[in-house]
Amino acid sequence: MSIIVNKYKCGYCGACVGVCPTGALELIETWIEVDSKKCTGCGICQKICPLGAIEVDR
């Protein structure tokens, strides 16, 4: 499973970073970095994203 961040939709608000229970997401300048080793695929980031820029590929 992986997290796909659409960089054209993403507004870099950091909402997903704040809700990730495992700390798998990090806002670096103007990009969301995903640590696939920490990600459990829970989908909270996908649900919280106000722009629909995150997709959990299971």
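Numbers given for residues are sequential positions, taken from 1 along each chain in its written order. pLDDT decides what is reported in this predicted model: residues at 70 or higher carry local features, side-chain atom pairs at 80 or more are listed and counted, and totals for whole chains, interfaces and linings draw on all residues regardless. Each side-chain value is worked out from all heavy atoms of the structure, with water and hydrogens disregarded.

Some points on the environment of C49
Test applied: A run of DSSP states H or I qualifies as a helix once it reaches four residues; a run of E qualifies as a strand once it reaches two. Both are numbered from the N-terminal end.
By the secondary structure assignment, C49 is in the loop between α2 (44–48) and β4 (54–57). For C49 and E26, which are 23 residues apart along the polypeptide, the C-alpha to C-alpha distance reads 14 Å.

A closer look at the pairing of strand β1 (residues 2–5)
Where a strand is regular, its side chains alternate between the two sheet faces. Formally: Buried means the residue's accessible area, taken with a 1.4 Å probe over protein chains only, is under 20% of the maximum for its type, while exposed means over 50%, and partly exposed covers the values in between. Here, any two strands with at least 2 DSSP bridges between them count as paired.
Burial of the side chains of β1 is restricted to one face: I3 and V5 are buried, whereas none of S2 and I4 on the reverse face is. Relative to β4, β1 runs antiparallel, the two being bridged by four bridges. Across the sheet, I4 pairs through a bridge with E55, a residue of β4.

Some remarks on the state of the cysteines
Threshold: Disulfides are defined in this document as cysteine sulfur pairs within 2.5 Å.
Under the counting rule described, the total for this entry stands at zero disulfides. Summary of cysteine pairing: C39 is not part of a disulfide, and the nearest cysteine sulfur, belonging to C45, is at 6.4 Å. Free of any disulfide, C45 has its nearest neighbouring cysteine sulfur in C42, separated by 6.2 Å.

Quick look at empty space enclosed by the protein
Let me state the cut-off plainly: Cavity: a set of points on a 1 Å grid over the protein atoms alone where a 1.4 Å probe fits but cannot get out. Pocket: an open set with protein on both sides within 12 Å along at least five of seven lines, its lining residues, like those of a cavity, having an atom within 4 Å of a point. Grid points are joined across faces, edges and corners, and a volume is the space filled by probe spheres set on the points. Any residue outside Ala, Val, Leu, Ile, Met, Phe, Trp, Tyr, Cys, Pro, Asp, Glu, Lys and Arg is labelled polar, Gly included; the first ten of those are nonpolar and the last four are charged.
Per the counting criterion, the structure on display carries two cavities of 30 Å³ or more. Considering only enclosed or pocket space, the largest cavity measures out at about 100 Å³ in volume. In the lining of the largest cavity, the residues fall into 10 nonpolar, four polar and no charged.

Thoughts on the nonpolar core
Nonpolar side chains tend toward joint burial in soluble globular proteins. The cut-off we apply is this: Definition of nonpolar core: a set of buried residues of the types Ala, Val, Leu, Ile, Met, Phe, Trp, Tyr and Cys, connected through side-chain atoms within 4.5 Å. By the convention used here, residues are in contact when the closest approach between their heavy atoms is within 4.5 Å.
Ranked by size, the top nonpolar core spans 13 residues in total, and within it I3, V5, C16, L25, I32, C45 and I54 carry the most contacts. Mapped onto this core, the elements with two or more residues apiece are β1 and β4. Contacts of I3, omitting those with residues within four sequence positions, involve V34, C39, C45, I54, E55 and V56.

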